Amino acid sequence: KDPLQVIIGYTDLLQARTKGDRFAEEKLRIIYRSTDRMIKLIAGFHEITSIESGKLILHKEKLDFSEVVSTAVKLQQSNAARKNQRIQEEIENHCIVLGDRMLLRQVIGHLLDNAIKYTQADGQIKIKVRSRKPSAKASISGSVSGEGYTCVQGMLSTEKKAYSVKNTVHIS
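Figured I'd write up the structure that's included with this text. All values reported here derive from a predicted model rather than from experimental measurement. (Residues numbered from 1 in each chain as written. Predicted model: local features only at pLDDT ≥ 70, side-chain atom pairs only at ≥ 80, totals over all residues. Heavy atoms only, no water.)

What to know about the overall build of the protein
- Each helix and strand counted, the protein has four helices and six strands in total.
- Burial statistics for the protein: of 172 residues in total, 31% are counted as buried.
- For the protein, restricting intrachain contacts to residue pairs at least 6 apart in sequence, the fraction spanning at least 24 positions comes to 66%.
- For the protein, the exposed surface amounts to about 12,000 Å²; the carbon and sulfur share of it is 56%. (Helix = DSSP H or I, 4+ residues; strand = E, 2+ residues; numbered from the N terminus. Buried < 20%, exposed > 50% of the residue type's maximum accessible area, 1.4 Å probe, protein only. Contact = heavy atoms within 4.5 Å. Areas by Shrake-Rupley, 256 points an atom, 1.4 Å probe, with all protein chains shown as cover.)

Below, the structure written as structure tokens:
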């Protein structure tokens, strides 16, 4: 993974220096997306291997789930900005949970990544975290709309129609 992180870092630097050069900007976006996808594939294979072998070790600790979510949002802001998306946060402070910090960061990161990926440009993503004793709850939602093929009575329609889908993920 480390060599791929280096590619991501240099791609970011080059993107900042090639403003206005559409050809270079597009090629750097392709490199960035491909490298990011490879990092995620490697992490996914590693996770699956750990789970299947029974070697996934949870490091449970009391932690502030609000802080975990806020950090994940900050890390994803630049991805949302690339699509001119707005992330609306309603995060209650001090939602203390017992969990594995790294695993929770990863799960929230994946959920946010998918929300950004599947929410249209100029869209809005809402993130809510609130404490309900004895546990904390969180939700991430986004909506996607566009034109495409739809399912009519269980069969794929042959004509394109407008659609709108709202997805929400709740974590309890």
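Focus on the packing of helix α3 (residues 65-82) against helix α4 (residues 101-118)
- Between α3 and α4, the shortest axis-to-axis distance is 9 Å and the interhelical angle comes to 40 degrees. When you trace α3 past α4, the crossing you get is right-handed. Each of F65, E67, V68, V69, A72, V73, Q76, N79 and A80 in α3 lies in contact with α4, whose residues at this interface are R101, L104, R105, I108, G109, L112, D113 and I116.
- Among the residues making up the contact of α3 with α4, the classes are represented as 10 nonpolar, three polar and four charged. (Axes fitted to C-alpha atoms, helices over the stretch in contact; angles between N-to-C directions. Left-handed = near helix turned anticlockwise from the far one by under 90°. Nonpolar A, V, L, I, M, F, W, Y, C, P; charged D, E, K, R; others polar.)

Points about helix α1 (residues 2-17)
- The end-to-end C-alpha separation of α1 is 23 Å, in line with the 22 Å expected for 16 residues at 1.5 Å each.
- Burial in α1 covers these residues: L4, I8, T11 and Q15. For α1, the angular spread of buried residues about the axis comes to 65 degrees, placing them on one side. Residues of α1 that are exposed and point over 90 degrees away from its buried face: D2, P3, Y10, L13, A16 and R17.
- Check the buried side of α1 and you find it contacts α2 (22-52) and α3. (Expected span 1.5 Å × (residues − 1). Arc of directions from axis to C-beta.)

Considering the pattern of salt bridges
- All told, the structure shown has six salt bridges when counted by the stated rule.
- The shortest N-O distance in the salt bridge between D36 and K40 comes to 2.9 Å. One end of the pair is D36 and the other is K40, both in helix α2 and four residues apart, which spans about a single turn.
- Residue K40 is classed as partly exposed on the basis of its relative accessible area of 31%.
- Linking R101 and E61 is a salt bridge whose minimum nitrogen-to-oxygen distance equals 3.6 Å. Placement of R101 in helix α4 and of E61 in strand β1 (residues 60-64) is noted, with a sequence separation of 40 residues between them. (Salt bridge = Lys/Arg side-chain N within 4 Å of Asp/Glu carboxyl O.)

Some thoughts on the side chain of D64
- Inspection of the secondary structure assignment puts D64 in strand β1.
- Despite being buried, D64 has no salt bridge partner; R101 is the closest side chain of opposite charge, sitting 8.0 Å away.
- Apart from residues no more than four positions distant in its own chain, D64 is found in contact with H94, C95 and I96. (Lys, Arg positive; Asp, Glu negative; His and termini not counted.)

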